[in-house]
Amino acid sequence: MKGLTGSFPLRCCIALAALATNALVLNLFVVPSTGSYPSYGGFAAALAAVLAYAALLAVAARRPNALRHPSVPWVALALFCAGSALVAAGYRGESTTASLAGWLLASLATAWLVVLTGLALARFSPRTAFAAIPAAYAAVYVAASALFPFVESLRAARLALLALYVLTFLAAFACAVRPGRAALAVFADGGGGAAARPAASDGSPPACSKAGGPPKAVLFAVLIALGLVSGYTAFVVFGSRESAGVSFVAMAAAMLAVIVVSRFSKSRTDVVFHFGLLLVLAGLLVVPFVAQASSGERVALIHVSNTLLAAGSECFAMLVWIVLAARAARRPAEALALQAGGRMAVALGMLGGLLLGTVATSFSAVSPLVPDVVAVGFAFALVAYALVGLRRFSFEDALSGGEGALPGSAPGPAPAVGAPGTGSLAAASEAALPGDGTRAAIERSCGALARKGGLTGRETEILAMLARGRSAPFIAQELVISPNTVKTHVKHIYAKLGAHSQQEIIDLVDGQCAAE
């Protein structure tokens, strides 16, 4: 877990668990069946989340340094407190205006905290991040198995849920702010602007760009699809059939199963996706049998279906954390925009899933078979999307930078340890990543540039890290040297290669890739 110091890793894990609990409480609190007012509670919160992430994305694209101001955490805390108070007042007085305004303010603060936690996770090594995220979710559902039955037994259960919603945010806030702001500073220092990369002579993207995984548009489309599934399952589980409940113990077991199974697979991230997909499909395919069962069997079947759907949806939630953290780590200049944009894509999908569930339920008055038909149709669409739309898409390749994430290509070979010009890059932060197409291409180009410019072995090593977007503080921590020593090496590299900024270094390396 290089690059993190002190209690930051533990803080990140606690913040992640608190945010996962916060999202669960939100589902229990706002879905249509939790109260007579308002029937659109789930949509208000989902729409507010979309708007909040859109606002955050706009700030990240235009004035990212504004998010580093010392007052931002306190503004976010004030927004959340004000928003929660408005939500409570709106639900108490059945005020639509107060409820909508409250969700928007609370969502702005939560969106900022989620993005901050995602940036902090991006500083973990890939292996550590992958282990931490499912473990945090498993801990959440172990605790939920004891906590939520108690909360639901209270006379003022709705008020207790709102209090728990506030407490989980405060816990995440207390744990995520320091490591999140430290990560934000590192990514901002190593980022700069995302200048256009030189194209190859045939007009196609340069080789290094091709090795960087699928375009953001493709990744965001996949995230929208994951959000759509999560939104629809949230409506089905918590909105229309909440009385049957879910088994939090079984959900914790599913999270633990993901951890165990992934340890025996080289494509760990794809394991999470396929595991979640199978759980959701199983839950959807149980739905048609519910209408044919007797009253006792009906409740049991709904309970099983709810648990399968919820567990699958949480696998997708884990996958989103893993994907965005790993992608941000590989593209530090775009880390903030990737986190905000990716989360907005998921929120858009969730809003669409809620709408789909509501439309299906509204037609049940015409025919009780409509919701079952929609469930089966949704299951078919999932299979079709996985087999056709994602036939050549691999989460593992997308995160590792392997060219296998693009149609018709294959992952590049991993560089040999001690290859010329690489120095001790095998010990760098990306050494644990499988499918090293990007790293191999970058190291070849850096080796060629080093020979032309007469760089030393250490300068070649730092050149490769600069080309991958690493900041000076990160390089100093990775190589166990002082920041001043890094600055001296960087100054020499710039002079020998005729560059004046890190972006020019990246452009030189991409140009070398295209020439090769």
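In short, a report on the structure.

Rules and cut-offs
Numbering of residues starts from 1 in each chain and follows the order in which that chain's sequence is written. Only residues with pLDDT of at least 70 are given local features in this predicted model, and only at 80 or more are side-chain atom pairs given and counted; all residues enter the totals for whole chains, interfaces and linings. Side-chain measures were taken over the full set of non-hydrogen atoms in the model, leaving aside hydrogen atoms and water. For this document, the term salt bridge refers to a Lys or Arg side-chain nitrogen within 4 Å of an Asp or Glu carboxyl oxygen. Secondary structure is summarised from DSSP: a helix means a run of H or I of at least four residues, a strand means a run of E of at least two, and numbering begins at the N terminus for each. Pairing of aromatic rings covers Phe, Tyr and the six-membered ring of Trp, with a centre-to-centre limit of 6.5 Å; geometry is then stacked below 30 degrees between planes, edge-to-face above 60, and tilted otherwise. Throughout, exposure labels follow a simple rule: accessible area from a 1.4 Å probe, protein chains only, divided by the maximum for the residue type, with under 20% read as buried, over 50% as exposed, and the rest as partly exposed. Expected helix span is given by 1.5 Å per residue-to-residue step, counting one fewer step than there are residues. Axis definition: a line fitted to C-alpha atoms, limited for helices to the stretch in contact. Angles are taken between N-to-C directions and run from 0 to 180 degrees. Roughly parallel covers angles under 35 degrees, roughly antiparallel covers those over 145, roughly perpendicular covers 65 to 115, and oblique covers all other angles. Handedness of a crossing is defined here by the sense of rotation of the near helix relative to the far one, left-handed for an anticlockwise turn of less than a right angle and right-handed for a clockwise turn. In what follows, a contact means two residues having at least one pair of non-hydrogen atoms within 4.5 Å. Three residue categories are used. Nonpolar comprises Ala, Val, Leu, Ile, Met, Phe, Trp, Tyr, Cys and Pro, charged comprises Asp, Glu, Lys and Arg, and polar comprises the others, including Gly. The term polar contact refers here to a pair of N or O atoms within 3.5 Å; inside protein, the definition further demands a hydrogen-donor-capable atom paired with an acceptor-capable atom, and it admits residues adjacent in sequence only when both atoms are side-chain atoms.

Let us now look at the pattern of salt bridges. As enumerated under the stated definition, the model contains 2 salt bridges in all. The shortest N-O distance in the salt bridge between K496 and E459 comes to 2.8 Å. In this pair, K496 is assigned in helix α18 (residues 483-497) and E459 in helix α16 (residues 457-467), connecting sequence segments 37 residues apart.

Below, the discussion takes up the packing of aromatic side chains. Throughout the structure, instances matching the rule amount to 10 aromatic pairs. Consider the rings of F80 and F169, whose centres lie 3.7 Å apart with planes at 10°: the pair is stacked. A residue pair is termed long-range when its members are at least 10 positions apart, and F80 in helix α3 (residues 72-93) and F169 in helix α6 (residues 157-191) qualify at 89 residues. With a relative accessible area of 0%, F80 lands in the buried category. Ring geometry for F148 against F248: centres 5.5 Å apart, planes inclined by 35°, an arrangement best described as tilted. Of the two residues, F148 is situated in helix α5 (residues 126-153) and F248 in helix α9 (residues 248-262); the sequence distance between them amounts to 100 residues. With respect to class, F148 is no different from F248; both count as buried.

Turning next to helix α4 (residues 96-121). Structural remark: α-helix, 3.6 residues per turn; residues separated by three or four positions point the same way. In this model, α4 (26 residues) spans 37 Å end to end at C-alpha, consistent with the 38 Å of a helix rising 1.5 Å per residue. α4 sits mainly inside the fold: 19 of its 26 residues count as buried.

In this section: the packing of α16 against helix α17 (residues 472-479). Closest axis-to-axis distance for the α16/α17 pair is 11 Å, and the angle between their directions is 130°. It follows from the interaxial angle that α16 and α17 lie oblique. Viewed along their axes, α16 and α17 form a crossing whose handedness is right-handed. Across from R458, E461, I462, M465 and L466 in α16, the residues of α17 making contact are F474, I475, E478 and L479. For the contact of α16 with α17, a count of residues per class yields 6 nonpolar, no polar and 3 charged.

Considering the arrangement of structural elements, one finds T110 in helix α4. With relative accessibility at 14%, the residue T110 sits in the buried group. In this structure the side chain of T110 is engaged in a polar contact, spanning 2.9 Å, whose partner is the backbone oxygen of A106. When sequence neighbours within four positions are dropped, the list of residues in contact with T110 reads N22, F80, Y165 and F169.

Read these as spatial facts, not as claims about activity.
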